[in-house]
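# Summary of the model geometry
In case you want the letters, here they are:
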Amino acid sequence: MTKQSERKSSVLEIILPSAMSSNSDSTITQSKGLQTQTPSSLQLSICHSPSKVKNDETTKDQHELPLQNLKLASHEVLERAQQAGRSKCSKCSSSRMFYCYSCFTFVGVSEQEIPNIKLPLKIDIIKHPNETDGKSTAVHAKLLAPDDVNIFIYPCIPDYEGQTHEVVLVFPGPEAVTVEDIVNRLPKAAKPKSSLHEPIPKRVKLEKRERGIRSMDEDVTEKKGNKHVLKRVVFIDSTWNQTSKIITDERLQALLQVELKTRKSCFWRHQKGSPDTYLSTIEAIYYFLMDYHLYCLEEDYQGEYDNLLFFYSFMFRLITKAKYAAGKL
């Protein structure tokens, strides 16, 4: 190994000590667009267009590229922290780079320079107790969208009883629906009986309904209700071999399951023997929100959630360059 390769590997090990293990190789080498590039020209990309994409062929072609055209905050703060080296977490005193994955705090970086993202939905992440904290990308979501993301360690699961009409579980299965079908497939909320003391709202006259005439208020209310019926999304953070115990938990059985479109993962810790379409947790959250924005909110996507990949994209770039220098790409 050359001196340059040794230096690249040492930088990588400072940030992600086990990133170069045999379990980490498969996903990165799947990225065909990177194989002929030099380290200085490696580009970050993600599989979407800045505007609304619905054409199947266009979407298919774009999904062949890993990480393209992300609208990210500057990585300069991470580059400075990388040069400075590890620091101690102010809460647990553990040596960390960028953030403490145990305390969910920033380490060695200014919080003001890290993007803070407002999400259109609340995110609950159910983390398997045996999932290694330092290898999980769930912490990225918690750090970058702290007001909208919560992480629970199984067997701790929030009580979703009475909320099945506004909560979905992202997990593939024979009865799972697509993101586009969520609005139509969510169970209807049980409507409380009207109180005798509550005024009965005025109804549109029968003859108007028969002629297909609807009030402006009716149209606006119905359209808004259809778009924003979903309020919370549940993700499972674990290896695929560990998911069985969580996904079969009776507390999750009433939730509508949603399956994401097939996309290739860029995760550097890809599990051996599993297809490259098994996404990391932060990738799954990102892709779900992008599809939700396009198909449920019916709005053009302009990179609103790209910064969820702020840490992920930076680490991906470092690891890809280190692998290239080591001759693994």
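Since the structure is predicted, the reported quantities are computational estimates derived from the model, not experimental observations. (Residues numbered from 1 in each chain as written. Predicted model: local features only at pLDDT ≥ 70, side-chain atom pairs only at ≥ 80, totals over all residues. Heavy atoms only, no water.)

Along the backbone of the protein chain there are 11 helices and 9 strands. If you take every contact in the protein chain between residues at least 6 apart in sequence, the share linking residues at least 24 apart comes to 75%. Just so you have it, the protein chain exposes about 17,800 Å², and 48% of that area is on carbon and sulfur atoms. (Helix = DSSP H or I, 4+ residues; strand = E, 2+ residues; numbered from the N terminus. Contact = heavy atoms within 4.5 Å. Areas by Shrake-Rupley, 256 points an atom, 1.4 Å probe, with all protein chains shown as cover.)

Turning our eyes to something else, we now look at the sheet that holds strand E9 (residues 256–258). Sheet architecture is open: 5 strands sit in the order E6-E5-E8-E7-E9, paired in parallel fashion. Here the strands that pair on one side only, and so sit at the sheet edges, are strand E6 (149–153) and E9. Recorded for the sheet is a direction-independent mean angle of 30 degrees between the axes of neighbouring strands. Summarising the sheet, strand E5 (residues 122–127) and E6 pair through 5 bridges and their orientation is parallel. Paired with Asp 124 across the strands is Asn 150, a residue of E6. Contacts from helix H10 (residues 281–296) reach E5, strand E7 (167–170), strand E8 (232–237) and E9 within the one sheet, and its direction differs from that of E8 by about 155 degrees. (Pairing = 2+ DSSP bridges. Axes fitted to C-alpha atoms, helices over the stretch in contact; angles between N-to-C directions.)

In this structure, the amide linkage connecting Tyr 154 to the following residue, Pro 155, adopts the cis form with an omega of 15 degrees. Residue placement: Pro 155 occurs in the loop between E6 and E7. At Ser 93, a position not held by glycine, the phi torsion is positive, near 65 degrees. Residue position: Ser 93 is located in the loop between strand E1 (87–88) and strand E2 (95–96). The phi dihedral of Phe 104 falls on the positive side, at around 60 degrees, and the residue is not glycine. Within the secondary structure layout, Phe 104 lies in the loop between strand E3 (98–100) and strand E4 (105–107). With relative accessibility at 32%, the residue Phe 104 sits in the partly exposed group. (Buried < 20%, exposed > 50% of the residue type's maximum accessible area, 1.4 Å probe, protein only.)

What follows is about the nonpolar core. Judged by nonpolar contacts, the single largest core of 62 residues is most densely connected at Phe 98 and Phe 288. Among the elements that make up this core, the one with the highest residue count is H10 (12 residues). If near-sequence neighbours (up to four positions away) are discounted, Phe 288 is found in contact with Leu 121, Val 168, Val 170, Val 179, Ile 182, Leu 230, Val 233, Phe 235, Val 258 and Leu 260. Grouped together as the second largest cluster of nonpolar side chains are 13 residues, Leu 169, Phe 171, Ile 236 and Ile 247 included. (Core = buried A, V, L, I, M, F, W, Y, C linked by side-chain atoms within 4.5 Å.)

Attention now goes to the confidence of the model for the protein chain. Here the protein chain shows a mean pLDDT of 76. Residues at 70 or above account for 64%. Within the model, the stretch residues 1–65 combines pLDDT values under 50 with 136 contacts to residues more than four positions away or in other chains. Here residues 191–226 is modelled with pLDDT under 50, and outside its nearest four sequence neighbours on either side it reaches 8 contacts, counting other chains as well. (pLDDT = per-residue confidence, 0-100.)

A few words on the side chain of Lys 142. Considering the arrangement of structural elements, one finds Lys 142 in helix H5 (residues 138–144). The side chain of Lys 142 sits in the buried core without any salt bridge; Asp 147 is the nearest counter-charge, 7.3 Å away. Filtering out sequence-adjacent residues up to four positions away, Lys 142 remains in contact with Phe 104, Val 149, Asn 150 and Ile 151. (Lys, Arg positive; Asp, Glu negative; His and termini not counted. Salt bridge = Lys/Arg side-chain N within 4 Å of Asp/Glu carboxyl O.)

This next bit is on the packing of aromatic side chains. All told, the structure shown has 9 aromatic pairs when counted by the stated rule. Their ring planes at 65 degrees and their centres at 5.4 Å tell us that Tyr 286 and Tyr 287 sit as a pair that is edge-to-face. We note that Tyr 286, like Tyr 287, is buried. Grouping aromatic residues by their ring pairs yields a cluster made of Tyr 99, Phe 310 and Phe 311. Residue placement shows Arg 96 over the ring face of Tyr 101; its charged tip is 4.0 Å from the ring centre. (Phe/Tyr/Trp six-rings, centres within 6.5 Å; stacked < 30°, edge-to-face > 60°. Lys NZ or Arg CZ within 6 Å of the ring centre and 35° of its normal.)

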